[in-house]
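Here are the chains, one letter per residue:
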There are 2 protein chains.
Amino acid sequence: MNNPNKRLGTQTVLLPSTPSILGIGTVAGKKETEGPLGIYFDVAMADSLENNASWELEERNMLETAVNTVLKKTNTLERDIHYILMGDLLNQIISASYTARDLAIPFIGLYGACSTMALSISVASMLIDGGFAEKAVAATCSHFCTAERQYRYPLEMGVQRMASSQWTATGAGAVLLSEHVEGTPSITCLTTGRVTDYQIEDVNNMGAAMAPAAANTLKTHLLETGRMPNYYDLILTGDLGKYGREIVLRLLCDEYPHLCDNYKDCGCELFGNDKSVKAGASGCGCSALYMAKVLSDMKSGVLKRVLFMSTGALHNPTILFQKESIPCIAHAVAIEML
Amino acid sequence: MNNPNKRLGTQTVLLPSTPSILGIGTVAGKKETEGPLGIYFDVAMADSLENNASWELEERNMLETAVNTVLKKTNTLERDIHYILMGDLLNQIISASYTARDLAIPFIGLYGACSTMALSISVASMLIDGGFAEKAVAATCSHFCTAERQYRYPLEMGVQRMASSQWTATGAGAVLLSEHVEGTPSITCLTTGRVTDYQIEDVNNMGAAMAPAAANTLKTHLLETGRMPNYYDLILTGDLGKYGREIVLRLLCDEYPHLCDNYKDCGCELFGNDKSVKAGASGCGCSALYMAKVLSDMKSGVLKRVLFMSTGALHNPTILFQKESIPCIAHAVAIEML
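Residues numbered from 1 in each chain as written. Chains lettered and ligands numbered in written order. Predicted model: local features only at pLDDT ≥ 70, side-chain atom pairs only at ≥ 80, totals over all residues. Heavy atoms only, no water.

> How should I be thinking about the overall build of chain A in this particular structure?
Check the secondary structure of chain A and you find 10 helices and 14 strands. Taking 338 residues into account, the globule formula puts the C-alpha radius of gyration at 20 Å, and chain A, at 18 Å, falls close to it. Scored against the burial criterion, the 338 residues of chain A give a buried share of 67%. Pairs at least 24 apart in sequence give 78% of the contacts found in chain A among residues at least 6 apart. (Helix = DSSP H or I, 4+ residues; strand = E, 2+ residues; numbered from the N terminus. Rg over C-alpha atoms; globule rule 2.2 N^0.38 Å. Buried < 20%, exposed > 50% of the residue type's maximum accessible area, 1.4 Å probe, protein only. Contact = heavy atoms within 4.5 Å.)

> Can you walk me through the environment of Lys6 of chain A in this structure?
The topology assignment puts Lys6 of chain A in the segment before β1 (12-14). Look at Lys6 of chain A and you get buried, because its relative accessible area is 7%. Placed 64 residues apart in sequence, Lys6 of chain A and Val70 of chain A show a C-alpha to C-alpha distance of 30 Å. Setting aside residues up to four positions removed in sequence, Lys6 of chain A forms contacts with Thr12, Val13, Leu14, Pro16, Asp129 and Gly130 of chain A together with Gly130, Gly131 and Phe132 of chain B.

> Would you mind going over the interface of chain A and chain B with me for this structure?
If you look at the interface, chain A gives 72 residues, while chain B gives 71 residues. Summed over both partners, the interface of chain A with chain B comes to about 5600 Å²; 56% of that surface belongs to carbon and sulfur atoms. Along the contact surface separating chain A from chain B lie 6 salt bridges. Here Asp197 of chain A makes a salt bridge to Arg101 of chain B, at a shortest N to O gap of 2.6 Å. Our count for the chain A to chain B interface comes out at 36 residue pairs in polar contact (both at pLDDT 80 or more). When residues of the side of chain A that touches chain B are traced back to their parent elements, those giving at least two are β1, α2 (55-73), α3 (94-101), β5 (107-109), α4 (116-129), α5 (144-151), α10 (317-321) and β14 (328-337) of chain A. (Buried area = accessible area lost by both parts, 1.4 Å probe. Salt bridge = Lys/Arg side-chain N within 4 Å of Asp/Glu carboxyl O. Polar contact = N/O pair within 3.5 Å; in protein donor to acceptor, adjacent residues only side chain to side chain.)

> I would appreciate a short explanation of the environment of Ala138 of chain B in the present structure.
Residue and element names in this part refer to chain B. Along the chain, the position of Ala138 falls in strand β6 (residues 135-142). Take Ala138: its relative accessible area is 0%, and that puts it in the buried class. With near-sequence residues (within four places) excluded, Ala138 lies in contact with Leu85, Met117, Ser120, Ile121, Ala124, Gly173, Ala174, Val175 and Leu177.

> Explain the pattern of salt bridges to me, please; I cannot follow it from the model alone.
Pairs can form between side chains of opposite charge whenever their charged atoms are close. Residues and elements named next belong to chain A. Across all of its chains, the model carries 26 salt bridges over all chains by this definition. Notably, a salt bridge pairs Asp297 with Lys293, separated by 3.0 Å at the nearest N-O pair. Of this pair, Asp297 and Lys293 both sit in helix α9 (residues 284-299), 4 residues apart, roughly one helical turn. Relative accessible area serves as the criterion here: at 11%, Asp297 is assigned to the buried category.

> For this particular structure, what's the right way to read a nonpolar patch on the surface?
All names here are of chain A. Together, Tyr153, Met157 and Val159 make up an exposed nonpolar region whose accessible area comes to about 300 Å². Here Val159 lies in the loop between α5 and β7 (167-168). When its relative accessible area of 39% is taken as the criterion, Val159 is described as partly exposed. (Patch = residues over 30% accessible without salt bridge, like charges linked within 9 Å, V, L, I, M, F, W, Y side chains within 5 Å. Areas by Shrake-Rupley, 256 points an atom, 1.4 Å probe, with all protein chains shown as cover.)

> Is there a simple way to explain the packing of aromatic side chains in this structure?
The geometry of an aromatic ring pair is captured by two quantities: the separation of the ring centres and the angle between the planes. Residue and element names in this part refer to chain A. The final tally for this structure, using the stated rule, is 4 aromatic pairs over all chains. Look at Phe144 and Trp167: their rings are 4.0 Å apart centre to centre, the planes differ by 0°, and that puts the pair in the stacked class. In this pair, Phe144 is assigned in helix α5 and Trp167 in strand β7, connecting sequence segments 23 residues apart. By relative accessible area, Trp167 is classed as buried at 16%. When the ring centre of Phe271 is taken as origin, the NZ or CZ atom of Lys31, which lies over that ring, is 5.8 Å away. Lying over the aromatic face of Tyr263, Arg245 brings its terminal NZ or CZ to 5.0 Å of the ring centre. (Phe/Tyr/Trp six-rings, centres within 6.5 Å; stacked < 30°, edge-to-face > 60°. Lys NZ or Arg CZ within 6 Å of the ring centre and 35° of its normal.)

> Explain the side chain of Arg60 of chain B here, please?
The topology assignment puts Arg60 of chain B in helix α2 (residues 55-73). Not counting the four nearest positions on each side in its chain, Arg60 of chain B is found in contact with Ile319 and Glu324 of chain A together with Ser95, Tyr98, Thr99 and Arg101 of chain B.

> Just to check I follow, could you spell out the pairing of strand β2 (residues 20-28) of chain A for this structure?
Within a regular strand, the side chains alternate between the two sheet faces. Residues and elements named next belong to chain A. For β2, a buried count of 8 out of 9 residues is recorded, marking the element as mostly surrounded by other parts of the structure. Bridge count for β2 against strand β8 (residues 171-178) is 8 bridges, and the pairing is antiparallel. Paired with Gly23 across the two strands is Leu176, which belongs to β8. Two elements, β2 and strand β3 (residues 43-44), share 2 bridges in a ladder whose sense is parallel. (Pairing = 2+ DSSP bridges.)

> Please explain the packing of helix α6 (residues 206-225) of chain A against helix α7 (residues 241-251) of chain A as it appears in this structure.
Packed helices, taken two at a time, are described by the angle their axes make and the gap between the axes. Residues and elements named next belong to chain A. Where α6 contacts α7, the axes come no closer than 8 Å and their chain directions differ by 35°. The handedness of the crossing between α6 and α7 is right-handed. Where α6 abuts α7, its residues Gly207, Ala208, Ala211, Pro212, Ala214 and Ala215 lie against Gly244, Ile247, Val248 and Leu251. Looking at the contact of α6 with α7 residue by residue, the classes come out as 8 nonpolar, 2 polar and no charged. (Axes fitted to C-alpha atoms, helices over the stretch in contact; angles between N-to-C directions. Left-handed = near helix turned anticlockwise from the far one by under 90°. Nonpolar A, V, L, I, M, F, W, Y, C, P; charged D, E, K, R; others polar.)

> Explain the relation of the copies chain A and chain B to me, please; I cannot follow it from the model alone.
In this structure, two copies of a chain are linked by a rotation about an axis accompanied by a shift along it. Overlay of chain A on chain B (RMSD 0.0 Å): rotation 180°, translation along the axis 0.0 Å. Those values place the two copies in the arrangement expected of a two-fold rotation axis. A symmetric contact is evident, with 99% of the interface residues of chain A recurring at the interface of chain B. (Least-squares fit on C-alpha atoms with pLDDT ≥ 70 in both.)

> Looking at this structure, how should I read the state of the cysteines?
Think of a disulfide as a covalent bridge from one cysteine sulfur atom to another cysteine sulfur atom. Residue and element names in this part refer to chain B. On inspection of all chains with the given rule, the structure shows 0 disulfides over all chains. Unpaired in terms of disulfides, Cys189 finds its nearest cysteine sulfur in Cys266, a separation of 18 Å. Accessibility expressed as a relative area gives 1% for Cys189, which makes it buried. Sulfur of Cys253: no disulfide; nearest cysteine sulfur belongs to Cys260 and is 10 Å away. (Disulfide = S-S within 2.5 Å.)

> Help me understand unusual backbone geometry in this model?
At Asn51 of chain A, a position not held by glycine, the phi torsion is positive, near 70°. By the element assignment, Asn51 of chain A lies in the loop between β3 and α2.

> What am I meant to see in the confidence of the model for chain A here?
Close reading of the predicted structure is inappropriate where its pLDDT is low. Residues with a pLDDT of 70 or more make up 99% of chain A, whose mean pLDDT is 97. Both confidence scores are given for the complex: pTM 0.98, ipTM 0.98. (pLDDT = per-residue confidence, 0-100.)

> Would you mind going over the pairing of strand β6 (residues 135-142) of chain A with me for this structure?
Residues and elements named next belong to chain A. Of all 8 residues in β6, 7 are buried; the element is thus mostly enclosed. Where strand β4 (residues 83-88) meets β6, 6 bridges bridge the pair, whose relative direction is parallel. For Gly87, the partnering residue across the bridge sits in β6 and is Thr140.

Okay, structure coming up:
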């Protein structure tokens, strides 16, 4: 090999230069801001539309605001960002593409559904560690109203929600990554997911569809790094909700009986005990918003090592009408205070 | 900086280890195979459906076949591929995601519309040069029938085509990249695009929408590498068609009056002089299929240096109904025999 070998196994790589997360900018919906994590978000939306002509325009506005917020908070100029990596849930990731239109930054469009926050951080970290960028932004967003319309039913239909339904988070998060800076949360290794499919076909039971992908990536990460779950102060999945989280614990109970000690799901946390959301939160914005709490807790010393693992379901309505099941993926990012 | 600086400018990076393209697998539609490039394709489709229940299933089948073909042609095992990077035109890139489901390879989903071939090769090359992979596959596909239904009208409507309309190529291409191997076409540098928007709103005039993005990326590439167009034996854009190609030549005629000597557009070449396609070919599959000819010509010594630049339009129908214009992007990959 010409290059230093950074591979730890079939899915895990080391980042010897340990790229840093310098900050995050977040925009959250009203319901999200009223939840237990509200204090961590930068911008609170007044309502789901905020005088925009469509929910799609509002979603784009959220993503733009998140990107501009992290640049402002970190005193970073647009021209110092070498790549922006973004994706979202909408067809042709229009929130990301139209946000990139107003930025003079090379754009890498990603699609990982709700796994996008971990996917974009993963690729950005590798570009920095590989010497291609000094700074990069990884960002994503989701909006309850655009996602429900596109993936399930228009909200105006007033379709009843099921016990296993999840509530797409209205939120955007933009993370600024850079070459290592002392005293900041740093990316030490990554486990990139493979697509798994456990034959779930119900879009109202996404936690069950995504849980096996999360369990696979987590188990692979632990095996390939030689770590036990208690290496981390916190292991996070993106948006499995309460049933999906249960499934992960059951799938891994033989190997890791104490996993529940330090394993949380962002989807179970975002709305606290709000019963109206049924099984919990979902959407790209869910783990993106939770990242604000992770970084805050790492800065204050509450957390030292976190495994951040966003989970995504890779279907679309057309292919489910054609009787397909839902393939899923999970990407894991190890964030540590060194 | 901790890392070797590989940056040549705001959008261009060097790949000091010059990752190689070891081969390509292609699947082409009937019309594409009957065109002047037919001899370069590995698998010819019998018709647009090939006994599948839907065009979406056939499109996935094409992509799977392209990936399996390149593995077979290069005697490569699935387990030796460290990442597969794929995207396509369909909502939530389902062709790519469902193809990845059957492969035990870490999957990075990309969305760059018709720029996906160059985008996936770019990111794969950086992962290899950065030391994260020894081998990676970059792949994409498009299908005339799925794309027309999704972006414009169902084919059954029989809508009349305009002079500036382009014909979405039915084709899939999968490129195997690896660490440098002597005597193979190698990636020496990359220019990653920024999103540009010249306020075109007409989905039947995509060449005009994409041409400014291609011109911007090309000009930036030449300035940042200090090269003139004649450094390359061939400069290729992805799918601008005959009007888009004209616009690129006009936009750059002051700086590069001789650009037309060695500049071709894959969209103008794929179907030869077939008048039924109107302004030319388009789609992710267009530049992916043309890559088969590029690699063949490099192997036989006809070409030594090629700038391969796929172009993509990043809109969706919903956002155009909301009166938006079409943002576009182009990514450039320099491929050289060293």
